[in-house]
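# Architecture at a glance
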Amino acid sequence: MNPKGKTVGVLMLETQFPRLRGDIGNPDGFEFPIIYKVVDGASPKKVVEEQNRQLVEKFIKGAKELIDEGANIITTSCGFLGRYQNEIQAQLPVPVFTSALLLMDGLEAEYGKGNVGILTISKTAMTAAFLAGAGIDDKTPIGSTETGLEFTQAILANRASFDEPQCKADLVQAALNLVSAHPNIRAILLECTNMPPHAAAIEAATGLPVSSLNDLLNEKAGSMRHLKLT
């Protein structure tokens, strides 16, 4: 049952890799209704690495179609769309939550400015221009799975399969590296929507609370369990 009647419309990148339980692209485990719209041509490479602005109108068009289908909240399957939050929201009549990065202000209010680290699929792509567009301070501690063996490579290359245990290992190691480099960190924010399936493993390894887009949607849609996944 969905007591607040919220239907979440998800703007999906054009991907083929597996969607594990806890990934926004997998409806299993979410208690609110979800409807999906794949945005044609929006590959991980174009959205994350190229940050192709020409796709923004396609995302807006897809969001309007989701609203026509009954969505009263819009979200996305990629944290890098946070750069276009205001631009997309301005064109839509329902609340839009493009990225987990929207949680940063609240987390810093709770844990202190500079004490929340971001774990991203690509630190290289988190340029100064991106951070400014997404409203993130350029001094924010940022860690990445780029130096791992599987997660970043498999997702950005849009492979048909990946080594799930190695993906988890990449995420855990990246989180440990982030905390080692920034001992002041008191909480971790997962930029990428493919990361939450391994949130519990990251929490166990670092001893720190981990937040993601799932937490934001739980607050706004009001009926999603806090998933403890391994």
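Quick note: structure is the one above.
A brief look at the structure comes next.

Thresholds, definitions, all that
- Residues numbered from 1 in each chain as written.
- Predicted model: local features only at pLDDT ≥ 70, side-chain atom pairs only at ≥ 80, totals over all residues.
- Heavy atoms only, no water.
- Core = buried A, V, L, I, M, F, W, Y, C linked by side-chain atoms within 4.5 Å.
- Buried < 20%, exposed > 50% of the residue type's maximum accessible area, 1.4 Å probe, protein only.
- Helix = DSSP H or I, 4+ residues; strand = E, 2+ residues; numbered from the N terminus.
- Contact = heavy atoms within 4.5 Å.
- Pairing = 2+ DSSP bridges.
- Axes fitted to C-alpha atoms, helices over the stretch in contact; angles between N-to-C directions.
- Parallel < 35°, antiparallel > 145°, perpendicular 65-115°, else oblique.
- Left-handed = near helix turned anticlockwise from the far one by under 90°.
- Nonpolar A, V, L, I, M, F, W, Y, C, P; charged D, E, K, R; others polar.
- Phe/Tyr/Trp six-rings, centres within 6.5 Å; stacked < 30°, edge-to-face > 60°.
- Salt bridge = Lys/Arg side-chain N within 4 Å of Asp/Glu carboxyl O.

### Considering the nonpolar core
Of all hydrophobic cores here, the largest spans 76 residues; its most connected members are F59, I74, L119 and I188. It is helix α2 (residues 56-68) that contributes the most residues to this core, six residues altogether. If we ignore the near neighbours within four places in the chain, the residues touching F59 are L11, L13, V39, A42, V47, L81 and I88.

### Re the pairing of strand β1 (residues 8-12)
Burial analysis of β1 places five of its five residues in the buried class, which makes it a mostly covered element. Burial along β1 is two-sided: V8, V10 and M12 and G9 and L11, pointing in opposite directions, are all buried. Where β1 lies against strand β2 (residues 34-38), five bridges are found, and the strand directions are parallel. Bridge pairing in β2 places G9 opposite I35.

### Comments concerning the environment of A42
Residue position: A42 is located in the loop between β2 and α1 (44-49). Judged by its relative accessible area of 0%, A42 falls in the buried class. Along the sequence, A42 and K6 sit 36 residues apart, while their C-alpha atoms lie 26 Å from each other. Contact partners of A42, with chain neighbours within four places excluded, come to L13, E14, V47, L55 and F59.

### Some points on the packing of helix α7 (residues 164-181) against helix α8 (residues 199-206)
Two numbers describe how α7 lies on α8: the axes approach to 9 Å, and their chain directions differ by 40°. One way to sum up the angle between α7 and α8 is to call them oblique. In this structure, the crossing between α7 and α8 has a hand that is right-handed. In this structure, α7 contributes K168, L171, V172, A175, L176 and V179 to the contact, and α8 contributes A201, I202, A205 and T206. Along the lines of polarity and charge, the residues of the contact of α7 with α8 split into eight nonpolar, one polar and one charged.

### Comments concerning the packing of aromatic side chains
According to the stated counting rule, one finds two aromatic pairs in the structure shown. Aromatic side chains F30 and F32 sit 5.9 Å apart centroid to centroid with 50° between the ring planes, which places their arrangement in the tilted category. For F30, a relative accessible area of 9% gives the class buried. For F32, a relative accessible area of 3% translates into the label buried. Seen from their ring centres, F80 and F130 are 4.8 Å apart, and the 40° between their planes marks the pair as tilted.

### Things to note about the pattern of salt bridges
According to the stated counting rule, one finds twelve salt bridges in the structure shown. One salt bridge in this structure joins R21 and D28, with 3.7 Å as the shortest N-O distance. One salt bridge in this structure joins E108 and K113, with 3.7 Å as the shortest N-O distance. Taken together, the salt bridges that share partners define one network made up of K37, K61, E65 and E69.

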